[in-house]
Amino acid sequence: MEEYKFREVDHPLFGKIITTQDEAGYILYKATEVAKAIGFIHFGQRLNGKVDFEVITMQVRNPLGYIIRKKVRFISEKGIREMISRLGQLETKNVVARQKRYIKLLQQ
């Protein structure tokens, strides 16, 4: 099992974000923080199987203050571009569906 070292960095686009490195030395970013920075909160199920995440177990502090081990999704820079593209496509479909529904309601 690989030992990951986590760092909090100040990214110019995402603000403060937790990063680590994969076996090849590429930087991985905490996916939830990337998603929040680009305006999406609930992304996991919508992107399941469409974007490559690396699930890493890390120690985090829970709301009660205890340190627990939690599986956290991390994403590469290439994966971030794919995530933004996929979320944009999904959001566009949602907006179009909402618009159609509102037009139907207005026509009644």
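Note that the structure is predicted; figures quoted are calculated from it, not measured. (Residues numbered from 1 in each chain as written. Predicted model: local features only at pLDDT ≥ 70, side-chain atom pairs only at ≥ 80, totals over all residues. Heavy atoms only, no water.)

Lay out the pairing of strand 1 (residues 7-11) with the relevant residues and their values.
Working note: regular strand, side chains alternate between the two faces of the sheet. Here five bridges tie strand 1 to strand 2 (residues 15-21), and the two strands are oriented antiparallel to one another. Bridging from a neighbouring strand, V9 pairs with I17 of strand 2. Hairpin remark: strand 1 followed by strand 2, antiparallel, with three residues in the connecting loop. (Pairing = 2+ DSSP bridges. Helix = DSSP H or I, 4+ residues; strand = E, 2+ residues; numbered from the N terminus.)

Help me get a handle on the nonpolar core, residues and values and all.
If you look at the biggest cluster of nonpolar residues, it comprises 15 residues, and the most contacted ones within it are I17, Y29, V34, L47, I75, I80 and M83. If you list the elements that add at least two residues to this core, you get helix 1 (31-37) and helix 2 (77-107). Among the elements that make up this core, the one with the highest residue count is helix 2 (four residues). Beyond its immediate sequence surroundings of up to four residues, I75 is in contact with I27, L28, Y29, A31, V34, V51, D52, F53, I80 and M83. L28, M58, V60 and F74 belong to the second-largest nonpolar core, a separate cluster that totals eight residues. (Core = buried A, V, L, I, M, F, W, Y, C linked by side-chain atoms within 4.5 Å. Buried < 20%, exposed > 50% of the residue type's maximum accessible area, 1.4 Å probe, protein only. Contact = heavy atoms within 4.5 Å.)

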